[in-house]
Amino acid sequence: MTRREEFTRWMLKHSNRSKNTIDKYAAAVVTISKELTKYSNTTIDIYSINDSMSIDSIKQIYLKIDVLREKDERGNRMYTSALEWYKKYLKEAEFISNIAKEQPSEYSVKHIKKLKGEFKIKDGMKYWNRDRSIVDKIIYIKNNECEYDNTHRYFISKATNKNYVEGHHLIQMQFQDMFEYSLDVESNIVSVCLVCHKILHLGRLEDKIKIIEKLYNLREHELKSSGLDIRLDELIELYK
Ligand SMILES: [Zn+2]
Ligand SMILES: [Zn+2]
């Protein structure tokens, strides 16, 4: 598959744009390459660029050339939008190849025991610090799906352009004192849709139990590896 085809495919999956618009964007990348080659006297082939950061420089060069900037403005910024989408595509490709290489990348998941973090005391309550990047990592790895039911798709997030999900600590942070190791670990964070998440916090116990059971079965071994020994009935107890 050529880069152009890959890019088209990726946009079909992630951009919510019509096939017609997507084809225009894919063609726009070729047009920009040709025009920049013409105006800058150096051969520029955007589809052979692999790092997303270079796309910013391409865009800057493009916008400095008056005829091209005006053409982009007349065309509802189709050309610069195409570059933005191509940059997003490259970014994700870089991200995936980092995972595949399994370098000591921050995205490989290890279910290890982690020492408890810091906490603050406010109104006599302990608030344990959380590492937001762990939630982001789990959501990415779980493909922005609700782990209770992957058909739960309510809306597309503006920030990620993917199904909106939230991270939830299966053993909730307020129970940290009951455990020797940190609860703020990959093993204990699940990706759930907003409705399942609200049920887990605000629902009736009988509705919570169905979700807890499924999530517990998915994480039982990982929780143990992270030093979080808990039986299903004990976990349910914590949701009463
Ligand atoms: Zn939660
Ligand atoms: Zn759900």
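Residues numbered from 1 in each chain as written. Chains lettered and ligands numbered in written order. Predicted model: local features only at pLDDT ≥ 70, side-chain atom pairs only at ≥ 80, totals over all residues. Heavy atoms only, no water.

Q: An account of unusual backbone geometry is needed here, citing residue identities and associated values.
A: Negative phi is the rule for most residues except glycine; trans is the rule for most peptide bonds. Its identity is not glycine, yet Arg77 carries a phi of approximately 55°, on the positive side. The topology assignment puts Arg77 in the loop between α4 (66-74) and α5 (78-101). Within the chain, Asn161 stands out as a residue other than glycine whose phi angle is a positive 65°. Its location among the elements puts Asn161 in the loop between α6 (132-141) and β3 (166-169). (Helix = DSSP H or I, 4+ residues; strand = E, 2+ residues; numbered from the N terminus.)

Q: Can you lay out the coordination of the zinc ion (ligand 1) for me, pointing to particular residues and giving the numbers?
A: Every protein donor of the zinc ion (ligand 1) is listed here as His168 (ND1), His197 (NE2) and His201 (NE2), and their distances to the metal cover 2.0 to 2.1 Å. One chain supplies every donor for the zinc ion (ligand 1), spaced along it as H-x28-H-x3-H. In this pair, His197 and His201 both sit in helix α7 (residues 194-202), four residues apart, roughly one turn of the helix. Taking the relative accessible area as the measure of exposure, His197 reaches 12% and is therefore buried. Given a relative accessible area of 39%, His201 falls into the partly exposed group. (Donors = N, O, S within 2.8 Å, 3.2 Å for Na, K, Ca; no water. Buried < 20%, exposed > 50% of the residue type's maximum accessible area, 1.4 Å probe, protein only.)

Q: Residue-level account of the coordination of the zinc ion (ligand 2), with values.
A: Around the zinc ion (ligand 2), the donor atoms from the protein are Cys146 (SG), His152 (ND1), Cys193 (SG) and Cys196 (SG), and they sit 2.1 to 2.3 Å away. Of note is the zinc ion (ligand 2), whose four donor atoms meet at the metal with angles of 103 to 119° in an arrangement that counts as tetrahedral. Here the donor residues for the zinc ion (ligand 2) map to a single chain with the spacing C-x5-H-x40-C-x2-C. Judged by relative accessible area, Cys193 falls into the buried class, the value being 0%. (Tetrahedral: all angles 85-135°; square planar, octahedral: opposite > 155°, others 65-115°.)

Q: Can you lay out the domain arrangement of the chain for me, pointing to particular residues and giving the numbers?
A: On domain assignment, one finds that the chain holds domain 1 (3-101) and domain 2 (119-237). If you average the C-alpha positions of domain 1 and of domain 2, the two centres end up 37 Å apart. (Domains from an automatic or database assignment.)

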